[in-house]
Amino acid sequence: MALHGRFVHYHHQKRRETLYMGSSAIGYTRYYICHSIDQSSETFTGETRVSRKNLAVFVSGGGSNFRAIHQDSRIHGDIAVVVTNAPSCGGAVYARDHDIPVLVYPASDRHPDGLSPEALATALTTQYSIDLVILAGYMKLIPDSIVQSFPRAMVNIHPGLLPSFGGKGLYGSRVHSAVISSGARVSGPTVHFVDEEYDTGPILAQSVVPVYPDDDPDTLAARVLKQEHILYPQCIAAICNDRVSWRDDGIPYIWKAL
Ligand code: GRF
């Protein structure tokens, strides 16, 4: 891989960065001189002035990843809106408790006042000026038109190590059952950018947990979920601070200041 250390000449503290891939920092180290990162409305990372990002989070369930992201002060962005197909789910309740607007999508017999794809796209792009869409356990398909409105700006977390154990029908405990049945000795969450297919978008980061011989889907899910709450906020913080670079072949990676 053609990743080499380099110096960015800046007049503050020298820092070492290591290519970050999940819970372990491996391999590639570079050095740069950077401004410190602060919590003001604008921050410097390396040579770039970064403004706070507007975030949209999509949820269908308990929303524990949404909460982990919302509570992480390192993230240089604000959750402007939550989108759900299940307005009484834990994630939507948490949003309302924190005065975050909740949109219902899609419209259905149960929720006839839900948005159309066009209305959702307009709300995200125009009304809320969303910079990054975060899928956090959202169980409905995202329309292609919305995926295409957020190129390199829509991410998902999957509870298995992609590209294995993903695709249509592999979600929730089905993922963990498939991992256990396969005899794989490791599992863990994958954060990836979203394309028009299920679980095939470019992988941003992963972390690894052991799979034990006596695991069942629940015990493995709990071990993976714990890592999700660490990994996903780290990824969102990196994206919001423009610490994601893209290889020429379309693979993204995170540089983490140590
Ligand atoms: C997580 O396991 C995530 O990997 C998957 O959906 C689940 C959402 O859990 N995409 P929560 O609603 O964030 O608790």
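Just so it is clear, the structure is predicted and the values come from calculations on it, not from any experiment.

Lay out the pairing of strand S11 (residues 190–193) in plain terms, naming residues and giving numbers.
Burial along S11 is two-sided: Thr190 and His192 and Val191 and Phe193, pointing in opposite directions, are all buried. Note: strand S9 (residues 154–158) against S11, four bridges, orientation antiparallel. Within the sheet, the bridge partner assigned to Asn156 lies in S11 and is His192. Bridge analysis of S11 against strand S12 (residues 203–206) gives three bridges, and the strand direction is antiparallel. What sits directly across from His192, in S12, is Ile203.

Give me the pattern of salt bridges: which residues, what numbers.
Counted according to the given criterion, the structure contains five salt bridges. We note a salt bridge from Asp78 to Arg52, for which the minimum N-O separation is 2.9 Å. Taken together, the residues Asp78 in strand S6 (residues 77–84) and Arg52 in the loop between strand S4 (48–51) and strand S5 (53–59) connect sequence positions 26 residues apart. Owing to a relative accessible area of 35%, Asp78 belongs among the partly exposed residues under this scheme. A relative accessible area of 29% places Arg52 in the partly exposed class.

Can you tell me about the site of the ligand, naming the residues and giving the values?
Every residue near the ligand is listed here: Gly62, Gly63, Ser64, Asn65, Gly137, Ile157, His158, Pro159 and Glu228. Here Asn65 contributes a backbone N or O atom positioned 2.9 Å from an oxygen atom of the ligand. At a separation of 2.8 Å, an oxygen atom of the ligand approaches a polar side-chain atom of Glu228. Among the cavities detected, the one that contains the ligand is the largest pocket. Those elements giving two or more residues to the shell around the ligand turn out to be helix H1 (64–70) and S9. Looking at the shell around the ligand, its residues break down into two nonpolar, six polar and one charged.

Can you lay out the packing of aromatic side chains for me, pointing to particular residues and giving the numbers?
With the rule as written, the count across this model stands at three aromatic pairs. Considering the side-chain rings of Phe66 and Tyr94, the 5.2 Å spacing of their centres and the 85 degrees angle between planes classify their relative orientation as edge-to-face. Residue Phe66 is found in helix H1, and its partner Tyr94 is found in helix H2 (residues 90–97); the two are separated by 28 residues along the sequence. Taken individually, Phe66 and Tyr94 each receive the classification buried, so the pair is uniform in this respect. For the ring pair Phe193 and Trp246, a centre distance of 4.9 Å and an interplane angle of 50 degrees mean the geometry is tilted. One end of the pair, Phe193, is in strand S11; the other, Trp246, is in strand S14 (residues 244–246), and 53 residues separate them in sequence.

Definitions and cut-offs
Residues numbered from 1 in each chain as written. Predicted model: local features only at pLDDT ≥ 70, side-chain atom pairs only at ≥ 80, totals over all residues. Heavy atoms only, no water. Buried < 20%, exposed > 50% of the residue type's maximum accessible area, 1.4 Å probe, protein only. Helix = DSSP H or I, 4+ residues; strand = E, 2+ residues; numbered from the N terminus. Pairing = 2+ DSSP bridges. Salt bridge = Lys/Arg side-chain N within 4 Å of Asp/Glu carboxyl O. Near = heavy atom within 4 Å. Polar contact = N/O pair within 3.5 Å; in protein donor to acceptor, adjacent residues only side chain to side chain. 1 Å grid on protein atoms, 1.4 Å probe; cavity = no way out; pocket = protein on both sides within 12 Å on 5 of 7 lines; lining within 4 Å. Sits in = over half its atoms within 2 Å of the grid points. Nonpolar A, V, L, I, M, F, W, Y, C, P; charged D, E, K, R; others polar. Phe/Tyr/Trp six-rings, centres within 6.5 Å; stacked < 30°, edge-to-face > 60°.

Nothing here speaks to function; it is geometry throughout.
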